[in-house]
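# Summary of structural features
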Amino acid sequence: MNTIRNFSIIAHIDHGKSTLADMLLEKTGSVSEREIKSQLLDDMDLERERGITIKSHAIQMKYKAGDGIEYTLNLIDTPGHVDFTYEVSRSLAACEGALLVVDASQGVEAQTISNLYLALEANLEIIPVINKIDLPSAHVESVKNQIIDLLGCDESEIILASAKERIGYKEILEAIVKRVPPPTGSSAKPLQALIFDSFFDSYRGAIAYVRIFNGELKEKDEIKFFANNKTFLAEEVGILGLRRIRTKSLRAGDVGYLIAGVKDVHDTKVGDTVTHARNGAKEPLKGYQEIKPMVYSGLYPSNAEDYEDLRDALDKLKLNDSSLVFTPETSAALGFGFRCGFLGMLHMEIVQERLEREYNQNIVTTLPNVEYFVFKKNGEKVVVDNPADMPELGEIERIEEPYIKAQIVTLSEFIGSIMKLATEKRGIYKNTNYIDPTRASLEYEFPLSEIIFDFYDKLKSISRGYASFDYELIGYRQSDLIKLDILLNGEKVDALSIIVHKTKAYDWGRKVTSKLKELIPRQMFEVAVQAAIGSKVIARTNIKALRKNVLAKCYGGDVSRKRKLLEKQKQGKKRMKQVGNVQIPQEAFLAVLQIEE
Amino acid sequence: MRELAVYIHIPFCDHKCIYCDFYSVTTLRNKTRFFEALKKEIDFYARKLANSYSVSTIFFGGGTPSLMEPHLIGEIIEYLNKKFNFNSPLEITLETNPGTVNPNKLKAFKKAGINRLSVGVQSFDDDDLKFLTRIHDSRTAVRTVKKAADAGFENLSVDLIFNLPNQTIKKWQKNLEIATALPVKHISAYSLIVESGTALKALINKGKVQIASTDYDAKLYLQTIEYLTNKGFAQYEVSNFAKKGFECRHNLFYWRYKDYLGLGPSAHSFIEGKRWLNYSNLTKYVEELSSNFNAIKSSETLTEKEMLEEFVMLSLRSEGLDLNLLSGKFGEDWKANNKGLLKKLEENNFARVEKNKIKLTPKGYALCDEILLNFKF
């Protein structure tokens, strides 16, 4: 156990985490160069395209250190986005140390800070690494100072590296061996294994990645998951090289995988503890949480007939995405669909994209919203994750919405405009810390609903990319919220209802009604487009009736052509959604998602 | 014997107008071979149909049929008469372009058997005619109609096009006034159709020509219906107006969903629920007829549903949808499925229901395609 080192790499997005991992794998001979695709650890297409690690992975390296001893280094990768904070925390919990990678030209960013806090909470030994020192824009000295301020470490502890140029690997590997403590715990104690990741394999079922804290896990052991108390037989255990390497047993300190004939990935929950069914540990490891979605949205098939296909696709997706939740729902406008819960906006986009790319689903999504607590006058508390389920105005005593604590790191010149944006987004200013004379970390509290929409894009654009952002949920607070309905010829379009702060309702109502006027084609009858709070109309516009649509000629040679054209147009109409007597093109639902506040 | 309408496509033009997408060639090189082939085609269909069908109408369309020598047209009528029984009265229409005929030629056509002329005036405004690249001017157009009447043609029709670029309400009104002052019994007034593949379409795509909005088009259209109706020309189809008894019997065959036989390149036929079309190429047409006896490019047998769709479409576009006739042909389902919409159409003055017949109002004709899209079949 003394020769084992379990570590993670934490970094802000694009600071070179994956390239650094590649360098370590290559230089320890864990993979041949031929095997190195750039960014080896990111193996989902989407991840590579977006340059982010969505799911965490792990890989083992052997390293013969300067002291002549061969060490086993387990690199546990972490997802690099705020949507996956809990998963990051579980990956970190499986380690004793972490490389904190900071880009030499970008410096400390919001994610650097928030991930660092997670690592410190997990009591990890931090090894600061400044990456990309070869870049002409590198400011090694000032980044060093930022890190010293942040960690209170000594300058000599900071390693300078360029993963791309393969500079600094030796120092990093030696530091891991010397500074990261070996695992503690005992193989003689009852089994406690932390699941830090799990995914679904269509041949083997759920595969859990585990870190053994105590005890020994052997094949044919009868095991038990604490979270659901289910028992399984360990079919196969082993370590994680480039591929799975079967070792038949794992001992305290080890990192490896477990296959136990688990059919459902929801049984192998990240953060859960595995023990033996008999004579197992009395207590699970600390820190397990049931993952709860933060953002909800309705997903509907473009064609009503594809409802079952969409259900199948979601079921399959759920197999390897344990944080995706969905329940069937019905919308008067969009028909049968699903209310889906996501960890955050990125997660939502990923799910949508995977449904479209991997499962060929054409979907219409509704405006994302958070989960509200509605307290009724009769004392009842209703949890609302769909605006359509909002109780009547008269029944509501108060509404609470989730708040987050946000960390925004930026150059000082952008502070003014960021503060303005924060005010627009109902932000509550808390604190400013200067990381160095030119960079500041702002602390704010925001309603989560203001953040999920377009906050991040706006932040990036007003700071010309020089702002980073991270957040964590801090609880529910009362707000002056109302439900805003959109009506076409007096009929509610349930899929367009939103819950919004009172001060923003008018503006939103005006924007949506004028957008709809643009997108809903003129029809046989005039269409009144209204935005209303309860029965009070706050914005209104009309779509004039269409006055002419008839082909002038229809003689012998035209009949067939005309019929086929009508059939085609009818198909187009079929794809439209109907509310009352008004046909709404699907683009209208999608366009509402693009409206800027 | 069942009635048959015969359409004959004469694929020759002096030149191609920018808006036209009908098949034609601008050389007369293959004229003789065309007429020989046409006779072969008549032979082919006579063998198949002459026992059960007799001819009620003949329509020479094109192309520019009036470009042909009258005796050539006469020979075709005679040839048809030899092979098929003719009904009485028999309507024989010739599409005639101003500038291609003189009094003598008109008389010769009359003598050859033509008893109805459809004159392709398009506009009585010289700027419009230039835009449309027609070969005639407005004076020639007026004179042609008058000379036709002088030659003894009572059943006279003119074609007009509206919603042309820069066409004011006033200018169009003038067109209608000139047309109704002439000795014509029938007027076809078309809103300009921009067909794909035409020179006009290319001009629009390049931004060189702009077409007015559909609202303006609607305005001109309703103006047309109101004016012509007041002048005694009843609307009996989206774009067609006639004095009582002068509706084009040939076109009514199309709209009443009756059988018609199309001869010549690009012609369409519809007989007993089967539709086919000829090659749209003169050389190919001539070749096919010398080897295969017909020039059919493709054919389709309509399903019951397709026939229902076409029947409803054509009826609504023309004299109205006879619900008794519909039930007899296709059963009661359609009526039941569309009850709500039919009621709404009536309430909003898009249609009137009289004696179990749904007839569109002017406002309804203007939205005919939109209405059709809303029916359930």
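For every chain, the first residue of its written sequence is number 1, and the numbers climb from 1 along that sequence. Going through the entries in the order they are written, you letter the chains from A and number the ligands from 1. Where local features are concerned, this predicted model is filtered to residues with pLDDT of at least 70; where side-chain atom pairs are given and counted, the filter is 80 or more; whole-chain, interface and lining totals use all residues. Neither water nor hydrogens contribute to the side-chain values; these are computed over all heavy atoms in the structure.

On to the overall build of chain A, then. Helix and strand counts for chain A stand at 14 helices and 33 strands. Relative to a compact globule of 597 residues, whose C-alpha radius of gyration would be 25 Å, chain A shows 27 Å and is just as compact. Dimensions of chain A, computed from C-alpha atoms along their principal axes, come out at roughly 90 × 65 × 60 Å. Split into buried and exposed, the 597 residues of chain A put 58% on the buried side. The long-range share in chain A, meaning contacts at least 24 apart out of those at least 6 apart in sequence, stands at 70%. Surface summary for chain A: the accessible area is close to 24900 Å², and the carbon and sulfur share equals 48%. Residues scored as positive are Lys and Arg, those scored as negative are Asp and Glu, and His as well as the terminal groups of each chain are ignored. Positions of charges follow a simple convention, taking NZ of Lys, CZ of Arg, CG of Asp or CD of Glu. Looking at charge distribution, chain A has the averaged site of its 81 positive side-chain charges lying 6 Å from that of its 86 negative ones. In this text, helices come from DSSP runs of H or I with a minimum length of four residues, and strands from runs of E with a minimum of two, each type numbered from the N-terminal end. In this treatment the radius of gyration is a C-alpha quantity, and the globule benchmark scales as 2.2 Å times the residue count to the 0.38 power. Here the term buried applies to any residue with accessible area under 20% of the maximum for its type, exposed to any over 50%, and partly exposed to those in between, with areas from a 1.4 Å probe on protein chains only. Whether two residues touch is decided by their heavy atoms; if any such pair falls within 4.5 Å, the residues are in contact. Working definition of accessibility: Shrake-Rupley area with a 1.4 Å probe, residue cover restricted to the visible protein chains.

It is worth spelling out the side chain of Ser327(B) at this point. Residue placement: Ser327(B) occurs in helix α12 (residues 323-330). Setting aside residues up to four positions removed in sequence, Ser327(B) forms contacts with Glu332(B) and Lys335(B).

Moving on, we come to the domain arrangement of chain B. Where interface size is quoted, it is often the accessible area lost as the parts come together. Residue and element names in this part refer to chain B. One can read the domain layout of chain B as domain 1 (2-255) and domain 2 (307-373). The source of the domain bounds is an automatic or database domain assignment. Its C-alpha centre places domain 1 at a distance of 28 Å from the equivalent point of domain 2. On the domain 2 side, the residues contacting the 10 residues of domain 1 number 10 residues. A buried area of about 890 Å², summed over both sides, lies between domain 1 and domain 2, and 65% of it is on carbon and sulfur atoms. Buried area is understood as the total, over both parts, of accessible area removed when two parts are fitted together, assessed with a 1.4 Å probe. Of all residues in domain 1, the largest losses of buried area upon contact with domain 2 belong to Gln-235, Val-238 and Trp-255, amounting jointly to 42% of the total for that side. Any carboxyl oxygen of Asp or Glu within 4 Å of a side-chain nitrogen of Lys or Arg constitutes a salt bridge here. Viewed at the interface, domain 2 and domain 1 are joined by 1 salt bridge. The partner of Glu-237 in a salt bridge is Arg-317, and the shortest N-O contact between them spans 3.4 Å. Residue assignment for the side of domain 1 that touches domain 2 shows that the elements contributing at least two residues are α8 (214-230), β7 (234-237) and α9 (249-255). Taken together, the residues of the side of domain 1 that touches domain 2 sort by class into 8 nonpolar, 1 polar and 1 charged. Note on residue categories: nonpolar means Ala, Val, Leu, Ile, Met, Phe, Trp, Tyr, Cys or Pro, charged means Asp, Glu, Lys or Arg, and polar means any other residue, Gly included.

Taken together, the contact pairs 46 residues of chain B with 30 residues of chain A. For the pair chain B and chain A, the summed buried surface comes to about 3600 Å²; carbon and sulfur atoms form 57% of the total. Run the count over chain B and chain A and you get 10 salt bridges. Nitrogen and oxygen atoms within 3.5 Å of one another constitute a polar contact, given that in protein one can donate a hydrogen and the other can accept it, and given that sequence-neighbouring residues count only through two side-chain atoms. For the pair chain B and chain A, the interface holds 21 residue pairs in polar contact (both at pLDDT 80 or more). Broken down by secondary-structure element, the contributors of at least two residues to the side of chain B that touches chain A are β6 (186-191), α8, α9, α11 (304-317), α14 (339-347), α15 (362-366) and α16 (368-374) of chain B. Among the residues making up the side of chain B that touches chain A, the classes are represented as 24 nonpolar, 8 polar and 14 charged.

Looking now at the pairing of β7(B). All names here are of chain B. Two strands pair when backbone bridges link them, and β7 and strand β8 (residues 240-242) are joined in this way by 3 bridges, in the antiparallel orientation. Within the sheet, the bridge partner assigned to Glu-237 lies in β8 and is Asn-240. At least two bridges found by DSSP between two strands is the condition for calling them paired. Between β7 and β8, which pair antiparallel in sequence order, lie 2 residues.

All names here are of chain A. Pairing in this open sheet of 4 strands is antiparallel, and the strands run β18-β19-β17-β20 from one edge to the other. Both outer strands of the open sheet, β18 (325-331) and β20 (363-365), are each paired with one neighbouring strand and no more. Pairwise comparison of adjacent strand axes, ignoring direction, gives a mean angle of 30 degrees for this sheet. Here 7 bridges tie β18 to strand β19 (residues 335-342), and the two strands are oriented antiparallel to one another. Bridge pairing in β19 places Ser-331 opposite Gly-335. Orientation is described by lines fitted to C-alpha atoms, with helices fitted over the stretch in contact, and by angles between N-to-C directions that extend from 0 to 180 degrees. Its contacts with the sheet place helix α8 (residues 345-357) against β17 (295-301), β19 and β20, and it is angled at close to 15 degrees to β17.

Here the focus is the pattern of salt bridges. On inspection of all chains with the given rule, the structure shows 63 salt bridges over all chains. Among the salt bridges present, the one from Glu26(A) reaches Arg166(A), with a minimum N-O distance of 2.7 Å. Remark: Arg166(A) occurs in the loop between β6 (159-160) and α6 (169-179) and Glu26(A) occurs in helix α1 (residues 17-27); sequence separation between them is 140 residues. With a shortest N-O distance of 3.6 Å, Glu300(B) and Arg563(A) are connected by a salt bridge. Here the residue Glu300(B) occupies a position in strand β12 (residues 296-301), and Arg563(A) occupies one in helix α13 (residues 559-574), the pair thus bridging two chains. Residue classification places Glu300(B) among the buried positions, given a relative accessible area of 19%.

Residue and element names in this part refer to chain A. Spatially, the 8 strands line up as an open sheet ordered β11-β10-β16-β7-β8-β15-β12-β13, and their pairing is antiparallel. In this open sheet, the two strands that pair with only one neighbour each are β11 (231-233) and β13 (244-246). Recorded for the sheet is a direction-independent mean angle of 40 degrees between the axes of neighbouring strands. Note: strand β7 (residues 192-201) against strand β8 (residues 205-214), 9 bridges, orientation antiparallel. Opposite Asp-197, over in β8, you have Tyr-209 as the bridge partner.

Another point: a positive patch on the surface. Residues and elements named next belong to chain B. The patches reported here contain residues having more than 30% relative accessible area and no salt bridge. Joining distances are 9 Å for like charges and 5 Å for nonpolar side chains (Val, Leu, Ile, Met, Phe, Trp, Tyr). A cluster of basic side chains, namely Lys-107, Arg-139, Arg-143, Lys-146 and Lys-147, defines a positive patch on the protein surface. The leading source of residues in the positive patch is helix α5 (residues 138-150), at 4 residues. Along the chain, Arg-139 turns up in helix α5. Given a relative accessible area of 61%, Arg-139 falls into the exposed group.

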